[in-house]
Amino acid sequence: MPHPRSLLPRPLSCFIVEDSPIIRHNLSATLEEMLPLQVVGTAEDELGAVQWMRSPGASCDLMVIDIFLKTGTGLEVLRLARQQLPQARLVVLTNYATPDMRRRCSQLGADQVFDKSAELEELLAYCGTLVPPAPA
Amino acid sequence: MRPAQRWVQRLRNSAWAFALAAISAGLMLAISEIGYLRATGQLSELVTRGQARLQLARLVRRVADAESSQRGYLLTGSAAYLAPYRDANLDAQDSLAQLATLLRQAPAPAQADLQQLAAHVRAKLSETDEVLALYNAGRQTAARELLLTGIGRDEMASVRQWADRLLDQQNALVATGLATVIDTLLLNRLGVATMTAVSLLVLGLYLRQRRQTDEALAAQQRLVQAERDRLEEQVQHRTAELTDLARHLETAREDERARLARDLHDELGALLTTAKLDVARLRPQLALAAPELAPRLVHLVEVLNSGIALKRRIIEDLRPSSLTNLGLLSALEILCSEFAERLGVALHTQIEPVSLSPSSELTAFRLVQESLNNIAKHARARQVTVSLHEQAGQVLLSVVDDGQGFDTAAVGHGRHGLVGMRYRVQAEGGQLQVSAAPGQGTQVRAWLPTLAG
C-alpha cells in the first residue's frame, strides 16, 4: 500500500520526547515507515522539550512522551504541552504504565497511555486513527 | 603491686591489733583476779586480827571479873558470888582456847607471848582457886596470908602486861594489813587505768584500720567501675561502628542493585522495545511477502514478551519500582498479594498510611520481603498477617505467621537475613524484635522512627 506523500494533504506532524537514543531513533523510523507521519523533532529531556514548545512556531499533531527522562520528568512536559499545544494529541509511552500512572497522566491531559514494551501495537493503531482519511 | 602491699600491711596491722587486744584483756583479767585474791586474803586476816583483839579484851575482863567475884565472896561470904566467879573462870579459859586457835598461824614471838599470857592467866586463876579452897576449908587465916603475899596482884599485872603486848602486836598487824589492802586497791586501780588506755589505743587502731580498709575497698570499686565504664563505652563504640558498617554495606548493596536495575531497564529495556518496534515494522510487509511466516512472527513476539516480563521481574526484585512509583502502601499490598498467590497461603494485611523517610520505607519493604521469603522457605505457614501502623510516635511493622517457628536461641549464623535486617533497622534508628518458638510460629516486629519525629 504505497502512499505517495505528495498526494496526501499533509502528514501527521509528531514530536518525540524520549531519553533512550536507540528507542528514539527506532520509534521515529517505525512511525514514519508505517504511517503518513513526519517526526518534526525530538528531545531527550524535559528542558529540550520545553525549549522546543516555547520556540516560535512550534506545533505538532501528536506528541509522544516518555515519563522517566535523563533530567526532569515527562509529567512536567505533559502539563506544559497541554497548555502550549492545546490542539495536539498527547500520548504517554512509559515502562511504568501502572493504574496510578495512567490516572495521573490523564489528569495532566494525556489522551492515551501505552506501555513501552507491551502496548506498541496499540500505540501504532491509535496513531493510525489520527490520520485523516485520504480524499476520495 | 600496691594493692598487694596494702593487703599485707592490713593483715599485719590487724594481727598486731588483735594480739594487743587479747593481751590487754588477759592482763586486765589477771590484775583484777590478783587484786581480788589479795584483798580478800588481807581482809580475812584483818577479821582474824579483830577477833583476836576482842578475845584478848574479853580474857582480861573475865580474869578481872573472876578476881572481883573472889574478893566479893571473901568479903561477904555470900554464895551469890560463887556462880559469877565460876562463869568468869570458864570464860577466861574459853578465851585462851579461842586465842590459841586465832593465833595458830601467828609468828613465833607472838606464840611465845601467848604462852606467857596463858601461863600468867593460869597462875592467876590457880592462885584465886587456892585462896578460895583454903577459905572454904575454914582456914581463913591461911587464905588471907596467901592473898596478902601479892602473888595474885603480880599475876594480874603480868596478865595485863602480856595482853597489852599481844594487843599491840595485833594492832600493828591490822595497820600493816590495811596498808597492804590499800596498796592492792591502788595497784588494781592503776592496772585497770592502764589497760583501759591500752584498750582505747587498740580501738583507735582498729577504727583507723577499718577506715583504711573501707577507703581501699572504695578505691577498688572506683577502679572496677571505671573499667566497666570504659568497656561499656568500647562496646558502644564498636556497636556504632558495626551499625555504620552495616548501613554502609546495605547502602552500597542497594546502590548497586539500583544501578543494575537502571542498566537493565535503560539498556536491555531499550533493546527489547526496539526489537518489538522492528517486529511491528516487519509485520505488514511480511504479511504481504510471506504470509506463511506469520506464526514464526507470533512466536518471536511471544519470546520478546517473555524477555520483557523476565526483565521486569528481575528489575522488580532488584529495586521495587512500585515503592518509588506507588509508595509503601501499594508496594506492600502488591508484594503481599503476589506472595499469597505464589504460595497459596491466607495473607491478611492491616496496612495504614505512615510517614517514613525514603530509606526507612525501603527498609520496611525489604523487611517484609525478607520475612515473607523466610516464611516461604522455612515456615510452612497457613496464615500470615502483615500490619503497618503508627503507634506512639513510631511506626510499627509486623509480620506474623502460624508456621513451625524456630528456636531463637539455636539460630546461629544461619539466618544472616535477620541479622542484616536487625542492623538495617538499627541504622534507621529503629529496633527489631524476632520472637519465635518451635511450633509457635514466628513474629517479626520492627519499630521505626516516623519522619516527623
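Residues numbered from 1 in each chain as written. Chains lettered and ligands numbered in written order. Predicted model: local features only at pLDDT ≥ 70, side-chain atom pairs only at ≥ 80, totals over all residues. Heavy atoms only, no water.

A. The arrangement of the overall build of chain B in detail. Scanning chain B for helices and strands turns up 9 helices and 5 strands. Ordering the α and β elements of chain B from the N terminus gives α-α-α-α-α-α-α-β-α-β-β-α-β-β. Among the 453 residues that make up chain B, the fraction classed as buried is 36%. A separation threshold of at least 6 residues defines the contact pool for chain B, and within that pool the share at least 24 residues apart is 73%. Counting every atom, chain B has about 26800 Å² of accessible surface; 58% of that belongs to carbon and sulfur. (Helix = DSSP H or I, 4+ residues; strand = E, 2+ residues; numbered from the N terminus. Buried < 20%, exposed > 50% of the residue type's maximum accessible area, 1.4 Å probe, protein only. Contact = heavy atoms within 4.5 Å. Areas by Shrake-Rupley, 256 points an atom, 1.4 Å probe, with all protein chains shown as cover.)

B. Layout of the confidence of the model for chain A. On average, residues of chain A score 87 in pLDDT, and 91% of them are at 70 or above. Per-residue pLDDT stays below 50 along residues 1-6 of chain A; that stretch engages in 2 contacts with residues further than four places along the chain or on separate chains. (pLDDT = per-residue confidence, 0-100.)

C. Looking closely at the side chain of Ser69(B). Here Ser69(B) lies in helix H1 (residues 2-76). Sequence-distant contacts of Ser69(B), that is, excluding residues within four places in its chain, are made with Tyr81(B), Pro84(B) and Tyr85(B).

D. A look at the layout of surface pockets. All names here are of chain B. In this model, the largest pocket occupies a volume close to 1000 Å³. Lining the largest pocket are 39 residues, and of these Arg313, Glu316, Asp317, Glu338 and Gln369 lie nearest its centre. Taken together, the elements giving at least two residues each to the lining of the largest pocket come down to helix H5 (151-289), helix H6 (294-318), helix H7 (321-343), helix H8 (358-379) and helix H9 (416-427). Considering each element in turn, the lining of the largest pocket owes the most residues, 10 residues, to H7. Residues that form the lining of the largest pocket fall into these classes: 14 nonpolar, 11 polar and 14 charged. (1 Å grid on protein atoms, 1.4 Å probe; cavity = no way out; pocket = protein on both sides within 12 Å on 5 of 7 lines; lining within 4 Å. Points joined across faces, edges and corners; volume = space filled by probe spheres on them. Nonpolar A, V, L, I, M, F, W, Y, C, P; charged D, E, K, R; others polar.)

E. Expanded view of the pattern of salt bridges. Residues and elements named next belong to chain B. This structure, assessed with the given rule, holds 27 salt bridges over all chains. For Arg58, the salt bridge is made with Asp91, and the minimal N-O distance between the two is 3.6 Å. Note that Arg58 is positioned in helix H1 and Asp91 in helix H2 (residues 82-102), a separation of 33 residues in sequence. Looking at Arg58, the relative accessible area reads 23%, which means it is partly exposed. Classification of Asp91 by relative accessible area gives partly exposed; the value is 23%. The salt bridge involving Arg281 is made with Asp278; its shortest N-O contact spans 4.0 Å. Here the residue Arg281 and the residue Asp278 both occupy positions in helix H5, the gap between them amounting to 3 residues, near one helical turn. Classification of Asp278 as partly exposed rests on a relative accessible area of 33%. When salt bridges that share partners are traced, they join Arg58, Arg62, Asp65, Asp91 and Asp94 into one network. (Salt bridge = Lys/Arg side-chain N within 4 Å of Asp/Glu carboxyl O.)

F. Quick peek at the environment of Gly72(B). Residues and elements named next belong to chain B. Of note, Gly72 is situated in helix H1. Look at Gly72 and you get buried, because its relative accessible area is 11%. The spatial distance from the C-alpha of Gly72 to the C-alpha of Tyr85 is 9.6 Å, given a sequence separation of 13 residues.

G. Geometry of the interface of chain A and chain B. Taken residue by residue, the interface counts 21 residues in chain A and 19 residues in chain B. Summed over both partners, the interface of chain A with chain B comes to about 1900 Å²; 56% of that surface belongs to carbon and sulfur atoms. Viewed at the interface, chain B and chain A are joined by 3 salt bridges. Here Arg312(B) ties to Asp115(A) by a salt bridge, and the two come within 2.7 Å at their closest N and O atoms. Taken together, the connections running from chain A to chain B amount to 7 residue pairs in polar contact (both at pLDDT 80 or more). Those elements that provide at least two residues to the side of chain A that touches chain B are helix H1 (21-34) and helix H5 (120-130) of chain A. When residues of the side of chain A that touches chain B are assigned to their parent elements, the largest contribution, 8 residues, is made by H1(A). (Buried area = accessible area lost by both parts, 1.4 Å probe. Polar contact = N/O pair within 3.5 Å; in protein donor to acceptor, adjacent residues only side chain to side chain.)

H. Quick look at the sheet that holds strand S1 (residues 346-351) of chain B. All names here are of chain B. If you trace the 5 strands from one edge of the open sheet to the other, you get S1-S2-S3-S5-S4, paired in mixed fashion. The strands lining the two open edges of the sheet, one partner per strand, are S1 and strand S4 (431-436). Each neighbouring strand pair of the sheet contributes to a mean axis angle of 10°, computed without reference to strand direction. As judged from the 6 bridges shared by S1 and strand S2 (residues 383-391), these two strands associate in the parallel manner. The residue bridging Gln350 from the neighbouring strand is Ser387, located in S2. Relative to strand S3 (residues 394-401), H8 is tilted by about 10°, and along the sheet it contacts S1, S2, S3, S4 and strand S5 (442-449). (Pairing = 2+ DSSP bridges. Axes fitted to C-alpha atoms, helices over the stretch in contact; angles between N-to-C directions.)

I. Inspection of the packing of aromatic side chains at higher detail. All names here are of chain A. Within the structure shown, the criterion is met by 3 aromatic pairs over all chains. Consider the rings of Phe15 and Trp52, whose centres lie 3.9 Å apart with planes at 15°: the pair is stacked. Pair noted here: Phe15 is in strand S1 (residues 12-17) and Trp52 is in helix H2 (residues 46-54), with a separation of 37 residues, a long-range link. In terms of burial, Phe15 and Trp52 fall into one category: buried. (Phe/Tyr/Trp six-rings, centres within 6.5 Å; stacked < 30°, edge-to-face > 60°.)

J. Broad picture of unusual backbone geometry. In this structure, Ala392(B) is a non-glycine residue whose phi angle is positive, near 50°. Mapping Ala392(B) onto the fold places it in the loop between S2 and S3.

K. Looking closely at H1(A). With 14 residues, H1(A) should cover 20 Å at 1.5 Å per step; its first-to-last C-alpha distance of 20 Å lies within 8% of that length. The inward-facing, buried residues of H1(A) abut S1, strand S2 (37-43), strand S3 (62-65), strand S4 (89-94) and H5 of chain A together with H5 of chain B. (Expected span 1.5 Å × (residues − 1).)

L. Spatial organisation of the packing of helix H3 (residues 108-136) of chain B against H5(B). Residue and element names in this part refer to chain B. Relative to each other, H3 and H5 sit at 155°, their axes nearing to 9 Å. Of the possible angle classes, the one that applies to H3 and H5 is roughly antiparallel. Every pair of crossing elements has a handedness; the one defined by H3 and H5 is left-handed. Packed against H3, whose contacting residues are Ala110, Asp113, Leu114, Gln116, Leu117, His120, Val121, Ala123, Lys124 and Glu127, the element H5 presents Ile151, Gly152, Glu155, Met156, Ser158, Val159, Trp162, Ala163, Arg165, Leu166 and Gln169 at the interface. Here the residues of the contact of H3 with H5 sort into 11 nonpolar, 5 polar and 5 charged. (Parallel < 35°, antiparallel > 145°, perpendicular 65-115°, else oblique. Left-handed = near helix turned anticlockwise from the far one by under 90°.)

M. Region of the structure containing a nonpolar patch on the surface. Together, Leu200(B), Leu203(B), Tyr206(B) and Leu207(B) give the surface a local cluster of nonpolar side chains, amounting to about 400 Å² of exposed area. By the element assignment, Leu207(B) lies in helix H5. (Patch = residues over 30% accessible without salt bridge, like charges linked within 9 Å, V, L, I, M, F, W, Y side chains within 5 Å.)

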